[in-house]
Amino acid sequence: MEYRSGIGTPYWYEWMIGLTKCLDMLIDSNIKSVVLQSYDYQSLDDVVINYMDGTSVNVQVKHTDTYADANFTYGTLTNGETPMLKSWAIEWQKNKDKAQIKEIRIVTNKKWGPNKHSGRCSFKTFVEKVFPEIKKEYSYCGNDESEKSAIEWFKKTISFLGDDARYFVSTLSFEQSGDSQSIEER
């Protein structure tokens with residue numbers, strides 16, 4: 001295991017995820033190494049699991065320890081000067097051939113946003129129901145207008161990938177980890 005992350009609160013959750021992956025090495029002989037804050041990546045660097053076959057799983061950890069920041073929403077992916085979703089997609093595209101990234105796993109202790117936003121279904125519905133359908137069949141259109149709106153938003157956000165968009169989607173996954181209830185108790 002290698003690491004280069006800082007010391008303190010911002011990294012405790014990331015370290016927990018990384019150490020869990022290190023423990024996986026004890027039972028999975030296909031794992032070659034686990035790197036925390038990999039120098040090989042800029043935005044897909046939190047935890048990188050390297051496999052013996054040359055592939056990797058890049059885990060991006062998005063945690064909170066405050067109630068005010070307890071929801072993971074559409075805005076979480078697209079707000080800011082360099083939106084996360086766009087930077088992940090750019091880095092994946094730049095490295096897809098040489099790095100053999102087989103999965104980009106977004107791991108969070110935040111709750112999926114429960115509210116509809118700008119005509120889109122809730123982020124919870126998007127992650128749990130709509131996104132898995134898009135992964136299975138990229139041309140999936142949704143069951144109602146709010147799902148269709150969310151799909152259009154997502155595809156527009158990654159449209160710069162062109163034909164690579166469907167392959168990027170096939171590598172992306174969202175996962176909740178830890179006890180988000182503990183956030184409310186703090």
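Residues numbered from 1 in each chain as written. Predicted model: local features only at pLDDT ≥ 70, side-chain atom pairs only at ≥ 80, totals over all residues. Heavy atoms only, no water.

What follows deals with the sheet that holds strand β5 (residues 101-108). Taken in spatial order, the five strands line up as β1-β2-β3-β5-β7 in an open sheet, and their pairing is mixed. Single-partner strands in this sheet number two, and they are β1 (31-36) and β7 (172-176). On average, each strand axis in the sheet is tilted by 20 degrees relative to the strand beside it, whichever way the strands run. As defined by bridge partners, β5 adjoins β7 across five bridges and the pair is classed as parallel. Across the sheet, Thr108 pairs through a bridge with Gln176, a residue of β7. Seen against the sheet, helix α3 (residues 84-99) touches β3 (56-62), β5 and β7 and runs at an angle of roughly 155 degrees to β5. (Pairing = 2+ DSSP bridges. Helix = DSSP H or I, 4+ residues; strand = E, 2+ residues; numbered from the N terminus. Axes fitted to C-alpha atoms, helices over the stretch in contact; angles between N-to-C directions. Contact = heavy atoms within 4.5 Å.)

Next up on the list: the packing of aromatic side chains. As enumerated under the stated definition, the model contains 16 aromatic pairs in all. For the ring pair Tyr74 and Phe123, a centre distance of 5.1 Å and an interplane angle of 85 degrees mean the geometry is edge-to-face. Of this pair, Tyr74 sits in helix α2 (residues 74-78) while Phe123 sits in helix α4 (residues 123-136); the two residues are 49 residues apart in sequence, bridging distant segments of the chain. Residue Tyr74 is classed as buried on the basis of its relative accessible area of 3%. (Phe/Tyr/Trp six-rings, centres within 6.5 Å; stacked < 30°, edge-to-face > 60°. Buried < 20%, exposed > 50% of the residue type's maximum accessible area, 1.4 Å probe, protein only.)

Attention shifts here to the nonpolar core. If you look at the biggest cluster of nonpolar residues, it comprises 36 residues, and the most contacted ones within it are Phe123, Phe126, Phe154, Ile158, Phe168, Leu172 and Phe174. The set of elements that each furnish at least two residues to this core consists of α2, α3, β5, α4, α5 (145-157), α6 (165-171) and β7. With near-sequence residues (within four places) excluded, Phe168 lies in contact with Leu85, Trp88, Ala89, Trp92, Ile104, Ile158 and Leu161. Ranked by size, the runner-up nonpolar core spans 13 residues in total, among them Tyr13, Val34, Leu36 and Val61. (Core = buried A, V, L, I, M, F, W, Y, C linked by side-chain atoms within 4.5 Å.)

Don't take any of this as a statement about function, it's just geometry.
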